[in-house]
Structures are given as structure tokens and as C-alpha cells.
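# Structural characterization, general
One letter stands for each residue in the lines below.
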Amino acid sequence: MAARVVYILCLAAVIMATMLVVVMVRQREVVEEEISFEFDLESDFSYKYFDMMEKERMRDVSTFESRKSLLNDVCEKYKDPFRPENRALYHTHPPMNHFSFFRYKSQSNMMCSILKGGSNSWTIFMQRVNEEMRKNPIASSEKVNSKDEPEKVKESCWPECALASTKIVQVRHPLERLLSAYRYVFERTSTYEDQFVQVVSLKQVLGDKFDKLAWPQFVDMVIKNELASHQELVELGKASGKIGKDGKIEDVHEFIAEETSKHNHNINEADVWVANHWAPYWFTCGLCLPELRPSYILHMDHLEKEVPNLLKELGMGQMNVTYPHALQGKEGHTRSKNKEYYSRLTKAQVWQLYNLYRVDHELFGFSPREFLDWAS
């Protein structure tokens, strides 16, 4: 009997010791994981020689032709199936609702709508174009026989049937766009309204549930892929509303996925990333896919000059329409805020942001150097 008791006690001691070892090992792994995230910038080879490599890579992107050429070359570089970027660029198909479409004469045209990349401005611009076409309809002699028109772009044949359409994309610096998304989502407390649009703020929709993130905290969460923990933000998707006659907000709607399968969100899911404004350009537009590769790339910094040139290229140069710059906000355009906000970050943070959006930088010829110089 005594021997049996001793045996049981020894067995219990072994089990307890094993459990203690497992717990200690797990704690050590957690600590090592946290330590490993302390990014050592100076030991990063690509950062150390970045200026040298970028000098070799940077090209003139002042014209439509030079931008298209650069994008084609970058896409060709990543066509190699053994490159990790290949799957993202060649096997990710954006949905058709990421694009807006318009036809002029016989040609189908489509613009990729990029959140915080001028999507609202483009919508307003197309309203003006459509209004101009109603006022000045195409002469019957210029109309094309319906039999000669290319296949219409529709869901049943997407994206293959988009091949014959002229693709357009409008971009801004990826790091400026990220800051614009942050200010738009977290710093607006009231409805944005101008002569073009009304956009209800996230705070108005969520009320007391609204949890504002500081800019450095937001950046860390982007880098560490932790934005999924911001539950209200992930579930929101999109807010809309309008201002009533009494000046109060009415008809506010939250678009939240109803399927139970969507309840456990991950920020890297397509619908979540896109809904939250900071999806990369390549993810939103399928830029390297032959069916969706853009012919014309507009830079937001030069729209006043480039939009008339685009209209001429599309055979619409005679139209008397101007391009609006909507959603500038009470505090001014984000372009004037870049230095203020990025100086609050460390160089390691900016470098890691750059690596997240590196392919966007390469595709459109943007450099992170100025943003790195602002950081501490």
C-alpha cells in the first residue's frame, strides 16, 4: 500500500514538473517573439543599402507613357512564379465593383476606385462628364453600329471581358494615402460636407463605442497586423448618411456582414482590408493582370494638368469639364500634414510601412526617402 502511495506521488510530481516545463517553454517563446519584433533597422541589409538600390531603380514618371512603361517592367519582374510577389500580383482578382465604367462612342473605359486615392473626386467628375454628354449628345454620324461595339463588361465574364476596355488608375504616394486614411477614419468627429458630397464620420456612427487610435499606435497595429482587434472598426465596413433640413444627421447606416462566417474577421481578408481604406493599390486593382493593367496612370498631385490630357487621349478633349478635389477637410489636405505626422514615428516604423507598401512604391515610382528623413 505504501509503495502504491509513493508511486502515485512520484507520478503526480512528474506530471506537475512536465506541466511546469511546458508553461516555462511557452512563456519563453512568447518573450522571444516579443523581443524578436524589436526591429533592428541598422542590421537590415535592404535599409543599409537602400539609397544605392533606389538610385538604380528610380525613373522618370512625368508622362503617361513613362508610367505605363515602369508598371509594365515591374510586373514583368514579378512574373517569375518563384518570386513571392507573383501570387499577389498575378493570382489575386479584384471584384468588378472596385471599378467604375463609362462608354464614349465605341470605347469602353474603366477607372479603379481606390479609397483615399481620389475615388470621390472621380465619381463627381464622371457625373460632370455624363451631364456634358447629355447636353451635347454624340452626332448620329459619329455613332458606332452596336454590332461593332466590343463585348460589355459584366460579372459573368469578369475579368476576361475587361481586356478591350481602356483602364485608368489614379494614385498618390502610398504613405500619404495611409495618413489620409487614418485622418479620415480616426480624426473626423463630424460630417464632412462640401458642394459635392456629405460623408458621415465613424464617430457619429459608432457613438460611445468609438475608440480613437493615436497615429503611432495605428501604425504599430498596421505593422503588427493587429487592426483586427479593433472590433468596431473591422465590423463597420462603410458608413453613409445625409443631413436633414434641421441640420441633424439622418439615415445613418452601418453595413455589417451578416454571415456568421464573417464574424471572426481577419484584417487581411479582402473585404475587411478594402473597407478600411488602406488596402494596397495592387490588391485593389489587379494592376499586373493583363485584363486589368492600366493604360493611363494619373498622379493626384498633378490632376489639373493631367485630366485634360487624359480627356484628349480618350477623344473627349472638346468637353468643358473640370476635375474636382473633394474631401479636403477643415484642416486642409493631407499633403500639408505629412511632415507633422511622420515626424512622430521612428525610422524603423516608416521603414516597415514602406515594406508593407513596397510593391506599390515600385509600380508607380514613389520613394519613401522624404518620409524616412522626417522620422526620428
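Throughout what follows, the structure given in this document is the object of discussion. Just so it is clear, the model here is predicted, and its values are computed rather than measured. (Residues numbered from 1 in each chain as written. Predicted model: local features only at pLDDT ≥ 70, side-chain atom pairs only at ≥ 80, totals over all residues. Heavy atoms only, no water.)

A complete count under the given rule lists 11 salt bridges for this structure. Between K135 and E131 there is a salt bridge, and its shortest N-O distance comes to 3.5 Å. With a gap of four residues between them, K135 and E131 both fall in helix α6 (residues 119-135), about one helical turn apart. You can call K135 exposed: its relative accessible area is 56%. E131 gets classed as partly exposed once you look at its relative accessible area, which sits at 37%. Between R358 and E362 there is a salt bridge whose closest N-O contact spans 2.7 Å. You can see R358 and its partner E362 sitting in helix α16 (residues 358-364), four residues apart, about one turn around the helix. Residues joined by salt bridges that share partners form a network here, namely K77, R83, E85, R358 and E362. (Salt bridge = Lys/Arg side-chain N within 4 Å of Asp/Glu carboxyl O. Helix = DSSP H or I, 4+ residues; strand = E, 2+ residues; numbered from the N terminus. Buried < 20%, exposed > 50% of the residue type's maximum accessible area, 1.4 Å probe, protein only.)

Taken together, F45, Y49, M52 and M53 make up a surface patch of nonpolar side chains, about 420 Å² in accessible area. The topology assignment puts F45 in helix α2 (residues 45-48). (Patch = residues over 30% accessible without salt bridge, like charges linked within 9 Å, V, L, I, M, F, W, Y side chains within 5 Å. Areas by Shrake-Rupley, 256 points an atom, 1.4 Å probe, with all protein chains shown as cover.)

Our next topic: the state of the cysteines. Under the counting rule described, the total for this entry stands at three disulfides. Note on cysteine connectivity: C75 is disulfide-linked to C288, with sulfurs 2.0 Å apart. With the S-S dihedral at roughly -85°, the linkage between C75 and C288 falls on the left-handed side. Separated by 213 residues along the polypeptide, C75 in helix α4 (residues 64-77) and C288 in the loop between α12 (281-285) and β8 (296-299) bring together distant segments of the chain. Classification of C75 by relative accessible area gives buried; the value is 0%. Between C157 and C161 runs a disulfide, and the two sulfur atoms are separated by 2.1 Å. Disulfide C157-C161: torsion about the S-S bond near 85°, hence right-handed. (Disulfide = S-S within 2.5 Å.)

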